[in-house]
Amino acid sequence: MKPVDPRLLRYAGAARAFFGFGAVLGLAQTACIVAFAWLVSSSVVDALHGATPFGWRLVALVAVVLLRSVLVWMMEWNSARGATIAKSQLRQQVLRALPRLGPSWLSTRSSAAVTTTLTTGLDALDVYFARYLPQLILTALATPILVAVLFLFDFASGITVLLTLPLIPVFMILIGWATQTAQKEQWLKLGRLSSGFLDVVEGLSTLKVFGRADRQVTRIRSVTEEYRASTMKVLRLSFLSGFALELAASLSVALVAVSVGLRLVSGDLGLGVGLFVLLLAPEAFLPLRQVGAQFHAAADGVEATEEVFAMLAGAGAGVAVAEGARDADGTAGSPTGSRADGRLVVNDLTVMYADTAAVRRFSAEFAAGQLSVIVGPSGAGKSSIVAAMLGFVPFGGSIELVGSGDSSERKASMGLTARPLGRADVAWAGQVPGLMAATVGENVTLGSEHPSPALVTRALALAAADAPDPALAPSNRLGVNGAGLSGGQAQRVAVARAIYRALERGCRVLVLDEPSSALDRETEARLIAGLGQLVADGMVVVVVSHREAFRAAAAHVVRVGAPIAARTVTPAAAPGTPTGTRRIAVR
Amino acid sequence: MRTADVLRLAQPRWRLFAPGLIVGVLGTVSAVALLATSAYLITRAADQPPILYLSIAIVGVRAFALGRATFRYLDRLLSHSAAFRGLAELRVGIFRRLIPLAPDGLAQTRRGDLLSRLVGDVDELQNLPLRVVQPLVTAVVVAVASVIVVWIILPSAGIALAVALALAMLLGTLVNLRLSARADRDLAPQRADFADQTLDFVVGLDVLTAFDALDARLADLARTESRLTRSTLARAAGAGATAAAVSLLSGLATAAALWFGIPAFAAGVAAASAAGARATAGTGVLSIGISGPALAVIVLVPMAVFEIFGAVPLAAGAWRQVRASATRVASAVPDTLPPEIPAEPRVDTLIASVPASIHVPVPIPAPIPVPVPIPDPVPASAAAPTSAARHHEIGSAKFVGTAGPHPQTSPSGIDVGLGGVGVGVGRGGAAEFAEAEARTGARARDEPLLQRVEARRAPAIELRGLGASWPARATGQLRPGQPALRGLELSIPSGARLLVEGPSGSGKTTLAHVLVRFLEYSGSFTIGGVEARTLAPAQVRSMIGLCEQNPYIFDANLRQNLLFARETASDDDLLAVLDRVALLDWALERGGLDARLGERGSLVSGGQAQRIALARMLLADFPVVIFDEPTANVDPDRVERLLVDLLEAAGPERTVILISHTDVPAALVTQRLRLGTVGW
């Protein structure tokens, strides 16, 4: 770590004022230290020389002591405040960066690790901002002043201190180099250990099924022991710099004491100066010692925030991608127009993940007023098509809404009133329900500014989530990630959430990804009936499903093959579907 | 688990802790002694005595200077190492207590909270020995020693120092208590809240984006964070006040030493001159007054002591945080099992003595009379590895006698008591499997593993008046105390293919959890004629395997995700199993067995996760297998194929209980159970 990480100061700009104030406090405190040492040594010396009246000195001493303690309190408060503000600023920036990085970025990360970085990971910066940086400022200000005072009173002691002082940073840099790589490894290990322990706890039921739970005790112990061993390896080196620091400080005190003593014996020096120098010499080392003591903790903190900087940098680079996919955001059509003529046209859609194509040149058309179902084997890219519709992934080709709803345009050919699909046009429920710690009702009205209880009830009913089931009552409070609901219940609440949005905002398109995978046939049938009502209202309803019931109910089935091709099939028993007969050629 | 138990777990044993403590005390004593000796040296030197008189002081100054740094270094190393050792014990201790609860006793524990508890709080507990016990003990020892030394020189100054130190102790901890007790109490739950909200935000980022709820969520998060910030600052103010109080008392102690010391010195000088004697060399403690060097010592010692004593209020603050974390850890792990969860026998004492390779960790004292199924050697040895050639022989079990603790070997050389599972569980495990492998020799080794293991026959299962309910903590689906299953009558003969149907909430998963003893039951549930209640749950689970609805995929590679089901399996075995579940091509595409599967299987689709779970079931070779919705996320055109594969892979000898809401071809099942809605 560099003494001062410029990125931290840049991202935490709001904290700068606090550090400036801290410098002023530090100067005042240095003055107190000098005054205290002088008052104590002169009192003792005067007493030794037989001058008994020391009253005014004692009063002055108490006054200095009082002032010093007030300064201590102010410095603590000031640096804590600076640290908190700096941390909060960083945290908010990262939280805002996450949406820019987007869901596809997050899917490559461990959500627990990202959460840890944002919470306890950033807390590691406390030492940096609250302890290290203020001491660094103090060192820069107080140490030269104290050394100058030493020189002023006793040249020889000044030289001793001046020569030993630089040893500290030199040692620290040398040892720092040696430990730097080891520290990086340790941080990686710490992350692995923390998510590894959680992994074991979360997989406990699976481990129990296989009779492996008890065995994990050995594993946890060995992983923790490995962590201890590797950390101790780093600490043996890290603490060496502390050792060098302590040694330099205490040896220089010893050197000053011995040399002062010898010069006193020969009569070259007065006792007053000798005592004063003895009191002041350790103080000259104190700020630097504090910096050294905090250095490794601070470096760990900065190391821990490398991930944060990576996210911030990534967000900067990721903007173009995400914005590109989202620029249709603001152009959502008027929500209440008659939607019956809308068509969702996907043309030549290609989605790439790294070098692999998840979807290649997929084209399809989804008309309003009919239930469209996308089918295909696992891994064929169905979910990637949905992600592209939502603008979660960069894609090639186009996804457009055609026919904006004016009935005079009924005969308008495709393309005439086409505009890119915006996120505001889409209501969606994914494979993972993604519920949050809130009531069922709050989950359903997610993103709504004026939640309507009546609409909640309706959405839950359409999603077949209105059984006399207390878990699905709008007032039922769920835990983090929707804990407290079964898979099927969570799935229906997620579908209700999408339906609520579609109804409240008048979204043209409702996209559901495997909405019934955890439902029994009766409930699934009710869900299909509910979706039928929305279809009848003229919504474009696209369901990704492998379930027979959905396929049977669909007016339009789009089959996605392996990532090579896609073709549409029209069920024989679907007469009168407006676009059903249209075959979309691929390749 | 009580808070005291957690704290006891967190404090390393005395044997580990003592070396660090002793060295720590030596280090701080050296620090005080360095300043005292230096002060003495200088003041004594001012009298210009022969240099010889100073040599001991000079040596002392140098020795203490070296000692301070060296002891401090050793102290830090020793105490950190001891704290880490304690951490391992703590993690293990907590995990052990989670084992019997999982999964149904833990259902209501929120995940973000679990994260914050087990990672944050456990790490926090490491501070108990490091930042609480060690600094407190060291400071008190050094303070007492210094007070005694000063008291010997000048009793009044000693008393003043003692008063100042005692006041600093009281005031520091009291002020600390006043100002930050509330902040500390609020801080940990607020941190947990913030972590929960952050986790919801991170996990639900796609949902929040799609629902335009990002800004509202960010505002919520900012509000929670500013509450957290306020509490943090309140605590900082408390810590600051503490440091200020200590600084004040330190200065006052020096002033007091001057106040008492200077008159005492004057008195000493007067007494000395009155006696007409020159003070002899050394620390001349006179009956009335003190010498110059002694004055310097009593004035400077308080400064050095207080520098060390500054750690006391900090230790008090650390203690409160440690205690709060310990309380939360304790509450996460209840003392008693809910009655709905079957109790596990204590196993930790046994684990240590059982070699790591044995995977059935619960020896039972006496062999249990489980009927031993002897396989019909013909289908087993004739079974080709491909599903096409497999026989569908159902219900041809032959029960012969009862099992002893030793595996029996069929004429074909196939180990019947394979893994000791189901029969003579006491000695079971991979060790016997390995033994059997060694016995059967190269011939068996040439055969694919799947072929070798398909020799086990399932015990019959009888359910009479079976009922079950979920613990009150897991009341997501049912009201507490409401039975999820009631009065179930069912016979599952060996080798049956049972299909369990029914709407959501009808108790299908409850039944599965009862069968693997995740949930306690009422009524009767016998396995091979033995009441399941009389067996250890782990024994039952060695006979009945459950493929969960959402199989857990560990954040590791494919090999590790399979291998724990059968640790003796070779890579070829694993690939063969992957082929069986139609995952081979997929796996090879991703780099084979080294392919990483991501956190909670984030890099695999639902269907692939199911197939991996199936592969594990096949590897583990349970005589009875329960599949909870295995086709939930599998293509319709592959469902039937998968079910056929799966039932064939299970072999004719194995009992399969299939929970499904999709239609299963009639030819594949021998028995159907339809569950209705229970309760409301």
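Residues numbered from 1 in each chain as written. Chains lettered and ligands numbered in written order. Predicted model: local features only at pLDDT ≥ 70, side-chain atom pairs only at ≥ 80, totals over all residues. Heavy atoms only, no water.

Looking at an unreviewed UniProt entry, one finds chain B named ATP-binding cassette domain-containing protein, with Subtercola vilae as its source organism. Listed under Subcellular location (unreviewed entry) in UniProt, the entry text for chain B is "Cell membrane". (UniProt positions renumbered as here; feature names shortened; annotations may be inferred.)

Within an unreviewed UniProt entry, the label attached to chain A reads Thiol reductant ABC exporter subunit CydD, and the organism entered is Subtercola vilae.

Moving on: the overall build of chain A. When helices and strands are counted, chain A shows 17 helices and 10 strands. Taking all 587 residues of chain A together, 58% fall into the buried category. Residue pairs in contact within chain A that sit at least 24 positions apart in sequence constitute 78% of those at least 6 positions apart. Accessible area for chain A stands at about 22100 Å²; split by element, carbon and sulfur atoms hold 62% of it. (Helix = DSSP H or I, 4+ residues; strand = E, 2+ residues; numbered from the N terminus. Buried < 20%, exposed > 50% of the residue type's maximum accessible area, 1.4 Å probe, protein only. Contact = heavy atoms within 4.5 Å. Areas by Shrake-Rupley, 256 points an atom, 1.4 Å probe, with all protein chains shown as cover.)

Turning our attention to the sheet that holds strand E8 (residues 544–547) of chain B. Residues and elements named next belong to chain B. Taken together, five strands build an open sheet; the order of strands is E8-E9-E10-E5-E11 and the sheet is parallel. In this open sheet, the two edge strands, each paired with only one partner strand, are E8 and strand E11 (671–674). Going across the sheet, the axis of each strand differs from the next one's by a mean of 15 degrees, ignoring polarity. Here strand E9 (residues 624–628) pairs with strand E10 (residues 655–659) via five bridges, running parallel. (Pairing = 2+ DSSP bridges. Axes fitted to C-alpha atoms, helices over the stretch in contact; angles between N-to-C directions.)

What follows concerns the confidence of the model for chain B. Detailed conclusions should not be drawn from predicted coordinates in areas where pLDDT is low. Residue and element names in this part refer to chain B. Of all residues in chain B, 73% have pLDDT values of 70 or greater, and the mean over the chain is 74. Counted against residues more than four places away or in other chains, residues 107–112, with its pLDDT under 50, gives 19 contacts. Segment residues 474–480 is flagged for pLDDT under 50; beyond a separation of four residues in sequence, or across chains, it makes 17 contacts in the model. Across the interfaces of the predicted complex, the ipTM metric reaches 0.76, alongside a pTM of 0.66. (pLDDT = per-residue confidence, 0-100.)

Moving on, we get to the UniProt feature "transmembrane region" (unreviewed entry) in chain A. Residues and elements named next belong to chain A. What UniProt calls "transmembrane region" (unreviewed entry) maps, in this numbering, to residues 17–39, 54–74, 132–153, 159–179, 237–257 and 269–286. Across residues 17–39, helical content stands at 100% and strand content at 0%; the span's end C-alpha atoms are separated by 34 Å. Across residues 237–257, helical content stands at 100% and strand content at 0%; the span's end C-alpha atoms are separated by 30 Å.

What follows covers a nonpolar patch on the surface. Residue and element names in this part refer to chain B. A contiguous nonpolar surface patch, about 730 Å² in accessible area, is contributed by Val140, Val144, Ile148, Trp151, Ile152, Ile159, Val163 and Leu167. When residues of the nonpolar patch are traced back to their parent elements, those giving at least two are helix H5 (127–153) and helix H6 (155–203). Among the elements that take part in the nonpolar patch, H5 stands out by supplying five residues, more than any other. Within the secondary structure, Val144 sits in helix H5. Judged by relative accessible area, Val144 falls into the partly exposed class, the value being 46%. (Patch = residues over 30% accessible without salt bridge, like charges linked within 9 Å, V, L, I, M, F, W, Y side chains within 5 Å. Salt bridge = Lys/Arg side-chain N within 4 Å of Asp/Glu carboxyl O.)

For the rest of this paragraph, the subject is the packing of aromatic side chains. For any two aromatic rings, the description comes down to two numbers: the centre-to-centre distance and the angle of the planes. Applying the stated criterion across every chain yields a total of 14 aromatic pairs over all chains. Connected via pairs of aromatic rings, a cluster forms that spans Phe210 of chain A together with Tyr552, Phe554, Phe564 and Phe622 of chain B. Across the ring face of Phe36 of chain A, the terminal group of Arg68 of chain A is positioned such that the distance to the ring centre comes to 4.8 Å. The aromatic ring of Phe211 of chain B is capped on one face by Arg501 of chain A, whose charged end is 5.6 Å from the ring centroid. (Phe/Tyr/Trp six-rings, centres within 6.5 Å; stacked < 30°, edge-to-face > 60°. Lys NZ or Arg CZ within 6 Å of the ring centre and 35° of its normal.)

So, on to the environment of Val664 of chain B. All names here are of chain B. Looking at the secondary structure, you find Val664 in the loop between E10 and E11. Val664 gets classed as buried once you look at its relative accessible area, which sits at 5%. Considering only alpha carbons, one finds Val664 and Val644, 20 residues apart in sequence, at a separation of 9.6 Å.

Its location among the elements puts Arg517 of chain B in the loop between helix H15 (508–515) and strand E6 (522–527). Classification of Arg517 of chain B by relative accessible area gives buried; the value is 3%.

By a widespread convention, an interface's size corresponds to the accessible area lost as its parts come together. Each partner contributes to the interface: chain B provides 149 residues, whereas chain A provides 145 residues. A buried area of about 13500 Å², summed over both sides, lies between chain B and chain A, and 68% of it is on carbon and sulfur atoms. Connecting chain B to chain A are 22 residue pairs in polar contact (both at pLDDT 80 or more). Considering every element that reaches the side of chain B that touches chain A, the biggest residue donor is helix H8 (residues 214–275) of chain B, with 27 residues. A breakdown of the residues in the side of chain B that touches chain A according to their chemical character gives 85 nonpolar, 31 polar and 33 charged. (Buried area = accessible area lost by both parts, 1.4 Å probe. Polar contact = N/O pair within 3.5 Å; in protein donor to acceptor, adjacent residues only side chain to side chain. Nonpolar A, V, L, I, M, F, W, Y, C, P; charged D, E, K, R; others polar.)

Moving on: the confidence of the model for chain A. Residues and elements named next belong to chain A. Within chain A, residue pLDDT values average 79, and 83% of them lie at 70 or more. Under a pLDDT of 50 for its full length, residues 318–340 has, in the predicted model, 32 contacts with residues more than four places off or in other chains. Across residues 405–415, confidence stays below pLDDT 50; counting only partners more than four residues off in sequence or on other chains, it has 12 contacts.

This paragraph deals with the nonpolar core. Of all hydrophobic cores here, the largest spans 228 residues; its most connected members are Leu98 and Leu510 of chain A. When residues of this core are assigned to their parent elements, the largest contribution, 16 residues, is made by helix H3 (residues 55–106) of chain A. Once you skip the residues sitting within four places of it in the chain, Leu98 of chain A turns out to touch Trp105, Val114, Leu118 and Met311 of chain A together with Phe201, Val202 and Leu205 of chain B. Core analysis: the second largest hydrophobic core is formed by 122 residues, Phe239 of chain A together with Leu511, Leu619 and Leu642 of chain B among them. (Core = buried A, V, L, I, M, F, W, Y, C linked by side-chain atoms within 4.5 Å.)

Let's shift gears to the pairing of E9 of chain B. Residues in a regular strand project their side chains so that they alternate between the two faces of the sheet. Burial within E9 of chain B is extensive, with five of its five residues counted as buried. Side chains Val624, Ile626 and Asp628 of chain B of E9 of chain B all project onto a buried face; the interleaved residues Val625 and Phe627 of chain B project onto the opposite face, where all are buried too.

Residues and elements named next belong to chain A. Pairing is antiparallel in the open sheet, where four strands are placed in the order E2-E1-E4-E5. Either end of the sheet is taken by a strand with one partner, and the two such strands are strand E2 (356–367) and strand E5 (419–420). Of the strand pairs in this sheet, strand E1 (residues 343–353) and E2 are connected by eight bridges, and their pairing is antiparallel. Across the sheet, residue Val351 finds its bridge partner in E2, namely Val359. In this fold helix H12 (residues 382–389) packs onto E1, E2 and strand E4 (395–402), with an angle of close to 110 degrees to the strand it touches most, E1.

Residue and element names in this part refer to chain A. Closest axis-to-axis distance for the helix H2 (residues 16–48)/H3 pair is 9 Å, and the angle between their directions is 155 degrees. When the axes of H2 and H3 are compared, the pair comes out roughly antiparallel. Two packed elements cross with a definite hand, and for H2 against H3 that hand is left-handed. Split by residue class, the contact of H2 with H3 holds 21 nonpolar, seven polar and four charged. (Parallel < 35°, antiparallel > 145°, perpendicular 65-115°, else oblique. Left-handed = near helix turned anticlockwise from the far one by under 90°.)

With that out of the way, let us pick up the environment of Arg423 of chain A. Residue and element names in this part refer to chain A. By secondary structure assignment, the location of Arg423 is in the loop between E5 and strand E6 (426–429). Accessibility expressed as a relative area gives 6% for Arg423, which makes it buried. Distance in space between the C-alpha atoms of Arg423 and Val509 is 9.7 Å, their sequence separation being 86 residues. Reaching out from Arg423, the side chain makes a polar contact with the backbone oxygen of Gly391 at a distance of 3.2 Å.

Attention now moves to unusual backbone geometry. What is expected of a backbone is that most residues other than glycine have negative phi and most peptide bonds are trans. All names here are of chain B. With a phi close to 55 degrees, Asp212 is a non-glycine residue in the positive phi region. With respect to the helices and strands, the residue Asp212 is situated in the loop between helix H7 (205–210) and H8. Not every positive phi belongs to a glycine, and Asp621 is a case in point at roughly 60 degrees. Along the polypeptide, Asp621 turns up in the loop between helix H20 (606–620) and E9.

Residues and elements named next belong to chain A. Across the eight residues that make up H12, a large majority, seven, are buried. Every buried residue of H12 is accounted for by Lys382, Ser384, Ile385, Val386, Ala387, Ala388 and Met389. Gly391, located one to two residues past H12, shows a positive phi value of around 75 degrees.

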